[in-house]
Number of protein chains: 4
Amino acid sequence: MQQVSSLVKTDRLVYFLAMPNATRRSERSRQAILTAALDLVEEAGYARTSIEGIAARAGVGKQTIYRWWPSKGAVLLDALLLPSEGDEGVEPLPDTGDLAADLKHVLRATVDELRNPRYDGPMRALATEILHDPALHVQWSERIDGPLTEIREVRLRSAQAAGELPADLDLALAIDLIWGPLFHRWLQGSGPLTAEFADAVVDSALDGLR
Amino acid sequence: MQQVSSLVKTDRLVYFLAMPNATRRSERSRQAILTAALDLVEEAGYARTSIEGIAARAGVGKQTIYRWWPSKGAVLLDALLLPSEGDEGVEPLPDTGDLAADLKHVLRATVDELRNPRYDGPMRALATEILHDPALHVQWSERIDGPLTEIREVRLRSAQAAGELPADLDLALAIDLIWGPLFHRWLQGSGPLTAEFADAVVDSALDGLR
Amino acid sequence: MQQVSSLVKTDRLVYFLAMPNATRRSERSRQAILTAALDLVEEAGYARTSIEGIAARAGVGKQTIYRWWPSKGAVLLDALLLPSEGDEGVEPLPDTGDLAADLKHVLRATVDELRNPRYDGPMRALATEILHDPALHVQWSERIDGPLTEIREVRLRSAQAAGELPADLDLALAIDLIWGPLFHRWLQGSGPLTAEFADAVVDSALDGLR
Amino acid sequence: MQQVSSLVKTDRLVYFLAMPNATRRSERSRQAILTAALDLVEEAGYARTSIEGIAARAGVGKQTIYRWWPSKGAVLLDALLLPSEGDEGVEPLPDTGDLAADLKHVLRATVDELRNPRYDGPMRALATEILHDPALHVQWSERIDGPLTEIREVRLRSAQAAGELPADLDLALAIDLIWGPLFHRWLQGSGPLTAEFADAVVDSALDGLR
DNA sequence: AGTTAAGCGAGACGGTACGTCCGGTCTTGAA
DNA sequence: TTCAAGACCGGACGTACCGTCTCGCTTAACT
């Protein structure tokens, strides 16, 4: 759920094949709905945001939402991806040859995004909603988590090739070890979520606590 | 949110002072409600569990729930603490002198608890509910997260005293680094949650990825 | 509250102007609600009839009742008017030229209606409900009591023109004197409510007790 | 329901025989309950007056009400009789030898009582409640309506003896004819309830409309 | 250019659950 | 034993939304 704003919708086509004739779709309404959804979640919180409320705020009939999205969470997922809509793919992680520096750069950016109230709320909501909604979890995995994992693994493999990391390192474990602490502090509030924390996580993860 | 079942209610007194006359409270109803809540969450999931449903299953008036708990999440929090109700305090982490071994023991136990369907569901629900409900977050912090952090810090300080960890180590960071990956994998499903994973997390956190 | 079944809704237009878009209203639901209301009041009495119960019996959502009626009494008022719904206006009282005979005819009919269990219960309920609910009282006055008073006055004026009643008679007083005793006996149970009683009331009211 | 304030409880004994040991009864609580009931009905109306509310206002436990009265209406009935509690019996109607004058006197007094907001509300409530509550109806008949009918019949019989009324007059009919119009206008609001109206009713009832 | 079928706004519909109020019963401790 | 206090089970309240549906209107695509 980090750097979401640079993701793209990778599977628009497949998504739309199961849908009504998308060519007739009102772009005006789509934008209004996604914007209204973000606004309401920011103002009132996810739990107090209803589809009825989104429709009213967007000046749209309820059916127009139900026609294009299966759930409130799905609307929000699209809303989060709104800024990165025109992008061609996920921007890869920086690769300057210095793994620690690159990771610190990325984690600092993530910290910034998590502290932006416009995205923090919806992302918290999504992160929790996918626990209860399998269909949403699939969307989340394919369109957000998958691409993020992909570019992270790319960077880590590059580090392995450069000898910065062991060749036999379990990449999934490495990702949990680097991004897990950030995630934990974000959701649990176990401490301040700062750039310094991001740096310390990277150093500790790479070199160990002792 | 791990090893919850060995926690105690640390602040019963304060809690009850703000409540209706607790001496007249029906212990029978209280037990029935907490049990029904766990049952329903296990059977149908948190989202499909309603207060009305809990009351019906417990054979209790709705008002009896509203009288003693402010929200569905608060009921669940008490329900999770039900097994540890008589305990005098939180059991401290094991301290054999071998930090890595002790942590592996603890994380394996946590993994077991997270895979127990009776507790996984409610704990997922709570972990997400506290993101939206500040009052619940306070309860969570005071009654679950705080005590857990406490015993973890105790064990880490002991390791510092024994020279196993640097004396100037940021303990909050250390906790995030050790328990964060577990938490991440639990909620994000980024990989299998196994005893082997627990072991690998401990080793990597202590010695670093490289 | 007599001869209700021959009344019409005199102010449909005004009534609907203040309502939700009435053109989309489900006639099926409306009928089901009114019928269920009458059934339940007949079976269980007004006090034990709940809006929830009406909705359940009618196979209708509660909101559908609350959308179109402000109170249980209002539903019942419409329910009482259901049989006369298509009528063009209130049927005038008979005018054969013999006031006493005509009034006896009318009062006997009223006695019959008040003894019909399907209407007696709801009408008792309404007659009492309007004492506590001003909005309902207005509806009652406009749609039931007003038209009834109107046709009674017409008949009495005709009698004045025919010289059967003094030209300066206070018509409101006359109506109270003729229908009041019936009303009193109906609600107070001060004696049997029979055709003979109706006849005696007419004779006594017209000629005096002494 | 007229001149209630001069009635007495005619059957205290019988009433109490079915009750808990009345000797222990707290007179202070009884007074407080009856007063609170009248107050609340006057302030908020009968429908919005709850037994719970009466208990709270009277500073009394709910059980104390349920112990001594079977229903809200029964409380109100006692409350209405509170002022006449010490009386020995119902005061007979005046008998000056002039029936019309005496009846006008009585009906004017009744009009005054019906216009007193402290009694109008409760009496309306009772008049309607007895329609739905048979047990209350019995109490009403025995303790209010019966005695009133009694003294009215006494006066009418006196008039028969004096030749002011036919010897074969149906007294129940006569009572309906005299008091019915008042009752009708009171509950239906079919016109102003004034002393003039009372006079006109007496004249018309005695001499006929024509 | 006219026809037609979709998407659209609006919002009524059958439902479920909410959180509250109160009914009538039961229990506790003080007087 | 009564009382004030108030917890208890239960049922109904009136409201908020759910997801589905139907109505006319608008609008784009294909005659």
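For the structure, see preceding data.
Comments concerning the overall build of chain A
Secondary structure summary: chain A contains 10 helices and zero strands in total. Seen in sequence order, chain A has helices and strands lined up from the N terminus as α-α-α-α-α-α-α-α-α-α. Taken across its 210 residues, chain A has 52% of its residues classed as buried. A separation threshold of at least 6 residues defines the contact pool for chain A, and within that pool the share at least 24 residues apart is 71%. Carbon and sulfur atoms make up 52% of the accessible area of chain A, which totals about 9000 Å².

Regarding the relation of the copies chain C and chain D
For the pair chain C and chain D, the relating rotation is 179 degrees, the translation along its axis is 0.1 Å, and the fit reaches an RMSD of 0.2 Å. One copy is carried onto the other by what is essentially a two-fold rotation axis. In terms of proximity to the rotation axis, the leading residue of chain C is G208 of chain C, whose C-alpha is 1.6 Å off the axis. Here 100% of the contact residues of chain C are again contact residues in chain D; the copies associate through an equivalent surface.

Description of the interface of chain A and chain B
Taken together, the contact pairs 39 residues of chain A with 38 residues of chain B. Each partner contributes to the roughly 3800 Å² buried at the junction of chain A and chain B, and carbon and sulfur atoms together form 62% of this total. It is Q188, L209 and R210 of chain A that lose the most area in chain A upon contact with chain B, and together they represent 22% of the buried surface on that side. At the boundary of chain A and chain B, one finds two salt bridges. Taking the shortest distance from any N to any O, the salt bridge between D176 of chain B and R185 of chain A comes out at 2.6 Å.

A look at the protein's contact with DNA strand F
Within the structure, DNA strand F sits among 40 residues, and K62 and Q63 of chain A, T64 and W68 of chain B together with Y66 of chain C are positioned closest to it. Measuring from a phosphate oxygen of DNA strand F, one finds a backbone N or O atom of E52 of chain C at 2.8 Å. Among the residues forming the surface near DNA strand F, the class breakdown is 10 nonpolar, 16 polar and 14 charged.

Regarding empty space enclosed by the protein
Scanning all chains against the criterion turns up one cavity of 30 Å³ or more. Elements with a minimum of two residues in the lining of the largest cavity: α7 (117-129) and α9 (171-188) of chain A together with α9 (171-188) of chain B. Grouping the amino acids of the lining of the largest cavity by side-chain chemistry returns six nonpolar, three polar and no charged.

Looking at the packing of helix α8 (residues 134-161) of chain A against α9 of chain A
Residue and element names in this part refer to chain A. Here α8 crosses α9 at 105 degrees, and the two axes come no closer than 10 Å. As summarised for this structure, α8 and α9 are arranged roughly perpendicular, according to the angle between their axes. The segment α8 lies against α9, with T149, R152, E153, L156, R157 and Q160 engaging L171, A174, I175, I178 and W179.

Focus on the interface of chain C and chain D
Residue-level contacts link 38 residues of chain C with 39 residues of chain D. Carbon and sulfur atoms supply 62% of the area buried between chain C and chain D, which totals about 3800 Å² over both sides. Looking at the side of chain C facing chain D, the largest losses of area belong to Q188, L209 and R210 of chain C, adding up to 22% of the total buried there. Applying the counting criterion to the chain C and chain D interface returns two salt bridges. Taken together, chain C and chain D are joined by 10 residue pairs in polar contact (both at pLDDT 80 or more). Examining the composition of the side of chain C that touches chain D, we find that 13 residues originate from one element, helix α9 (residues 171-188) of chain C, more than from any other. Classifying every residue of the side of chain C that touches chain D gives 22 nonpolar, nine polar and seven charged.

Notes on the environment of A32 of chain B
Residue and element names in this part refer to chain B. Examined against the element boundaries, A32 turns out to sit in helix α2 (residues 27-44). The exposure class of A32 is partly exposed, given its relative accessible area of 24%. The spacing of A32 and A55 is 23 residues in sequence and 8.9 Å in space, taken between C-alpha atoms.

Focus on the protein's contact with DNA strand E
As a matter of local geometry, DNA strand E sits amid 40 residues, with K62 and Y66 of chain B, W68 of chain C together with K62 and Q63 of chain D nearest to it. Counting only atoms of DNA strand E within 4 Å of the protein, the sugar-phosphate share comes to 62%. Y66 of chain B places a polar side-chain atom, nitrogen or oxygen, 2.6 Å from a phosphate oxygen of DNA strand E. Secondary structure elements with two or more residues in the surface near DNA strand E: α4 (62-68) of chain A, α3 (51-58) and α4 (62-68) of chain B, α4 (62-68) of chain C together with α3 (51-58) and α4 (62-68) of chain D. Here the surface near DNA strand E gets five residues from one element, more than from any other, and that element is α4 of chain C. Residue composition of the surface near DNA strand E, by class: 10 nonpolar, 17 polar and 13 charged.

Looking at the pattern of salt bridges
Between side chains of opposite charge, a pair can form when the charged atoms approach closely. This model, assessed by the stated rule, comprises 55 salt bridges over all chains. A salt bridge links D39 of chain C to R118 of chain C; the shortest N-O distance between them is 2.9 Å. Of this pair, D39 of chain C sits in helix α2 (residues 27-44) while R118 of chain C sits in helix α7 (residues 117-129); the two residues are 79 residues apart in sequence, bridging distant segments of the chain. In this structure, a network of salt bridges that share partners links the residues D39, E42, E43, R57 and R118 of chain A.

Description of the packing of aromatic side chains
A complete count under the given rule lists six aromatic pairs over all chains for this structure. Relative to F183 of chain B, the ring of F183 of chain A has its centre 5.6 Å away and its plane inclined at 45 degrees; by these criteria the two rings are tilted. Highlighted residues: F183 of chain A in helix α9 and F183 of chain B in helix α9, drawn from two different chains. Exposure remark for F183 of chain A: the relative accessible area of 1% places this residue in the buried category. Ring pairing ties together the aromatic residues F183 and W186 of chain A together with F183 and W186 of chain B, which thus form one cluster. Geometry around W69 of chain B places R25 of chain B over its ring, the cationic atom sitting 4.8 Å from the centre. Directly above the aromatic system of Y46 of chain B lies the positively charged group of K72 of chain B, at a separation of 4.1 Å from the ring centroid.

Conventions used here
Residues numbered from 1 in each chain as written. Chains lettered and ligands numbered in written order. Predicted model: local features only at pLDDT ≥ 70, side-chain atom pairs only at ≥ 80, totals over all residues. Heavy atoms only, no water. Helix = DSSP H or I, 4+ residues; strand = E, 2+ residues; numbered from the N terminus. Buried < 20%, exposed > 50% of the residue type's maximum accessible area, 1.4 Å probe, protein only. Contact = heavy atoms within 4.5 Å. Areas by Shrake-Rupley, 256 points an atom, 1.4 Å probe, with all protein chains shown as cover. Least-squares fit on C-alpha atoms with pLDDT ≥ 70 in both. Buried area = accessible area lost by both parts, 1.4 Å probe. Salt bridge = Lys/Arg side-chain N within 4 Å of Asp/Glu carboxyl O. Near = heavy atom within 4 Å. Polar contact = N/O pair within 3.5 Å; in protein donor to acceptor, adjacent residues only side chain to side chain. Nonpolar A, V, L, I, M, F, W, Y, C, P; charged D, E, K, R; others polar. 1 Å grid on protein atoms, 1.4 Å probe; cavity = no way out; pocket = protein on both sides within 12 Å on 5 of 7 lines; lining within 4 Å. Points joined across faces, edges and corners; volume = space filled by probe spheres on them. Axes fitted to C-alpha atoms, helices over the stretch in contact; angles between N-to-C directions. Parallel < 35°, antiparallel > 145°, perpendicular 65-115°, else oblique. Phe/Tyr/Trp six-rings, centres within 6.5 Å; stacked < 30°, edge-to-face > 60°. Lys NZ or Arg CZ within 6 Å of the ring centre and 35° of its normal.

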